Amino acid sequence: QVQLVESGGGLVQPGGSLRLSCAASGFTFSSYVMSWYRQAPGKERELVALITTTGGSTIYADSVKGRFTAARDNAKNTVYLQMNSLKPEDTAVYYCKLHLLPYWGQGTQVTVSS
């Protein structure tokens, strides 16, 4: 069955960096567009980034453009989200997802605070 396991979250100071990973299994990873979402307390889940099957194209939410970078390693069945220049408003649970399909990871908490 499809499994998505996120890791790499934690507490970081404003301006800091984190790299999230999402290990995938149970499907042909290289055939699927992958996405990252986040959900902050009291807010709806929002799309953060999307990466095509080869990693050749990415799309970002305006709020993270220029600070976040999505990447993938199809040999390792893993998608990444490099987050730089983090802000308190980036605090959320971050999820990876198969694009257009209802498969989500369990999420990883990112907290940006001094």
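Residues numbered from 1 in each chain as written. Predicted model: local features only at pLDDT ≥ 70, side-chain atom pairs only at ≥ 80, totals over all residues. Heavy atoms only, no water.

**Digging into the sheet that holds strand 2 (residues 10-12)**
Okay, so step 1: Here we have 6 strands laid out as an open sheet, ordered 2-10-9-4-5-6, and mixed in their pairing. One side of each edge strand has no neighbouring strand; the edge strands of this open sheet are strand 2 and strand 6 (58-60). Here the strands of the sheet are splayed against their neighbours by 25° on average, with no regard to which way each runs.
Okay, so step 2: In this sheet, strand 9 (residues 92-98) lies alongside strand 4 (residues 34-39) in antiparallel orientation, the contact comprising 6 bridges. Of the residues in strand 9, the one forming a bridge with Gln-39 is Val-93. (Pairing = 2+ DSSP bridges. Helix = DSSP H or I, 4+ residues; strand = E, 2+ residues; numbered from the N terminus. Axes fitted to C-alpha atoms, helices over the stretch in contact; angles between N-to-C directions.)

**Comments concerning the pairing of strand 3 (residues 18-25)**
Okay, so step 1: Relative to strand 3, strand 1 (residues 3-7) is paired through 5 bridges, and the arrangement is antiparallel. The partner of Gln-3 across the bridge, within strand 3, is Ser-25.
Okay, so step 2: Pairing analysis gives 6 bridges linking strand 3 to strand 8 (residues 78-83), with the strands arranged antiparallel. Bridge pairing in strand 8 places Arg-19 opposite Gln-82.

**Regarding unusual backbone geometry**
Okay, so step 1: Phi is positive for Asn-77, which is not a glycine, with a value near 55°.
Okay, so step 2: In this fold, Asn-77 is placed in the loop between strand 7 (68-73) and strand 8.
Okay, so step 3: The backbone of Leu-100 sits at a positive phi, close to 70°, despite the residue not being glycine.
Okay, so step 4: Structurally, Leu-100 can be placed in the loop between strand 9 and strand 10 (108-112).
Okay, so step 5: Given a relative accessible area of 70%, Leu-100 falls into the exposed group. (Buried < 20%, exposed > 50% of the residue type's maximum accessible area, 1.4 Å probe, protein only.)

**Regarding the packing of aromatic side chains**
Okay, so step 1: Across all of its chains, the model carries 4 aromatic pairs by this definition.
Okay, so step 2: Residues Phe-27 and Tyr-32 carry aromatic rings whose centres are separated by 5.5 Å and whose planes lie at 85° to one another, so their mutual orientation is edge-to-face.
Okay, so step 3: Note on Phe-27: relative accessible area 16%, which makes it buried.
Okay, so step 4: Through a chain of ring-to-ring contacts, the aromatic side chains of Phe-27, Phe-29 and Tyr-32 assemble into a single cluster.
Okay, so step 5: Arg-45 extends its terminal NZ or CZ atom over the ring of Trp-104, reaching a point 4.4 Å from the ring centre. (Phe/Tyr/Trp six-rings, centres within 6.5 Å; stacked < 30°, edge-to-face > 60°. Lys NZ or Arg CZ within 6 Å of the ring centre and 35° of its normal.)

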